[in-house]
Amino acid sequence: MLRIQRTLPDRYQTASKQALLDMVAAAKASLGERCMILGHHYQHDDVMAFADARGDSFGLSKIAASNSSAEFIVFCGVHFMAESADILTSDRQHVFLPDLNAGCSMADMADIDAVEEAWAALGDHVELSRVMPITYMNSSAALKAFVGRHGGAVCTSSNARAVLTWALLDPVDGRTRADRVLFFPDQHLGRNTGFELGFSEGQMLLWNPRFELGGLDPAGVASSKVLLWKGHCSVHQRFRPEHIEAFRSEHPEGIVLVHPECAHETVVLADVVGSTDAIIKAVEAAAPGTAIGIATEVHLVNRLANEHPDLHIECLDPLVCPCATMARIDLPHLAWILESLEAGEEPNRIVVDADTAVWAKVALERMLAII
Ligand code: 13P
Ligand code: SF4
């Protein structure tokens, strides 16, 4: 998706690190309680140092929903997270993304036109009232609204199991809410969660939006439980079983923590599978001296290694792939946005249009009610 980030004035691009730290600190102090800075766990340490709250995508959406005082919410994360914050906060609270180019390549793998086409194609073969659309938090507001309109819910990596259970297993008036789900955009989170709930490989089919009927035959669609959109995270898909095998041969007593956006063959070899928050909790619970191999974005892994010198923590991918879009939020952009707010300007405000916001909120609130 194209979003145009204006070039920062020279003074932010040429300032020393110390000067930028001073600018951010001064602007934050001057804005005081009017401004809340939220930081996703994948942010640079320099940026995280200024966050009023840290969290995974679910935790940050709850914090945004429960805050009613801050006038400005500066979201240090990616675009879909800022959109969710805008949807969940009141109209008098304005949400800002310091760099509009901070998107998510996985979220961009499912767009509303492709999902609507898939829905129409499905309707030719199965009863749509028995299909539940579920979108991962990593998706545009338009997709969340689609899901809200069609009776589904959002999920995150920390609650996908609860949301799929609600959709496919919990009985309501003698039957489940749906016969199958269309899960987008992350095939891996959907598949890993489906396996956890006992669905078989044959019940979970990959929907390739480039092909008619997702590349599936009508009988397959009719017998499916989970239709997995062909999307992935290029950071997490890099972690392979051989990385875990290499770690275990060097650290036989060590533990392996893996984010559920990794492929299933990697996830099955892990000791703990969970969201960024779950990974942090597992590190905090480890006994001193434990060797821990982690399959998630490297900024978080490095921060955990620095914060826990009594543990041996390493990123399982030796080539280390940072999330390029998360890393776009840096000190120059943070200084620029805070000083702009201080000067009464509101650049990079994230606004979800009213109709989209109403339905996306329905899908987000369904998720919050399930947990
Ligand atoms: P969390 O929900 O674990 O924060 O993950 C978000 C994300 O984008 C992971 O790649
Ligand atoms: Fe998106 Fe992957 Fe980056 Fe998370 S790590 S924001 S899923 S590209």
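Higher on the page you've got the structure.
The notes below deal with the structure included here. (Residues numbered from 1 in each chain as written. Chains lettered and ligands numbered in written order. Predicted model: local features only at pLDDT ≥ 70, side-chain atom pairs only at ≥ 80, totals over all residues. Heavy atoms only, no water.)

Spatial strand order, E13-E12-E14-E15: four strands in an open sheet with parallel pairing. The outermost strands of the open sheet, each flanked by one partner alone, are strand E13 (272–273) and strand E15 (312–315). Across four bridges, the pairing between strand E12 (residues 255–258) and strand E14 (residues 291–295) is parallel. Within E14, the position partnered with Val258 by the bridge is Ala295. Packing against the sheet, helix H11 (residues 241–250) makes contact with E12, E14 and E15, and its axis sits at approximately 155° to E12. Along the sheet, helix H13 (residues 276–285) contacts E12, E13, E14 and E15; its crossing angle with E12, the most-contacted strand, is approximately 160°. (Pairing = 2+ DSSP bridges. Helix = DSSP H or I, 4+ residues; strand = E, 2+ residues; numbered from the N terminus. Contact = heavy atoms within 4.5 Å. Axes fitted to C-alpha atoms, helices over the stretch in contact; angles between N-to-C directions.)

Within the structure, ligand 1 sits among His40, Tyr42, Asp56, Ser57, Tyr136, Asn138, Ser157, His236, His259, Glu261, Ser275 and Thr276. A distance of 2.9 Å is found between an oxygen atom of ligand 1 and a side-chain nitrogen or oxygen belonging to His259. In the complex, 95% of the free accessible area of ligand 1, which totals 300 Å², lies under the protein chains. Because more than half of its atoms lie within 2 Å of the grid, ligand 1 is assigned to the largest pocket. Its residues placed into classes, the shell around ligand 1 shows two nonpolar, eight polar and two charged. (Near = heavy atom within 4 Å. Polar contact = N/O pair within 3.5 Å; in protein donor to acceptor, adjacent residues only side chain to side chain. Areas by Shrake-Rupley, 256 points an atom, 1.4 Å probe, with all protein chains shown as cover. 1 Å grid on protein atoms, 1.4 Å probe; cavity = no way out; pocket = protein on both sides within 12 Å on 5 of 7 lines; lining within 4 Å. Sits in = over half its atoms within 2 Å of the grid points. Nonpolar A, V, L, I, M, F, W, Y, C, P; charged D, E, K, R; others polar.)

So, on to the site of ligand 2. Neighbouring ligand 2 are Tyr42, Cys104, Ser105, Met106, Asn138, Cys233, Glu261 and Cys323. Cavity membership is defined here by more than half of the atoms lying within 2 Å of grid points; on that basis ligand 2 lies in the largest pocket. Classifying every residue of the shell around ligand 2 gives five nonpolar, two polar and one charged.

These figures capture arrangement, not role.
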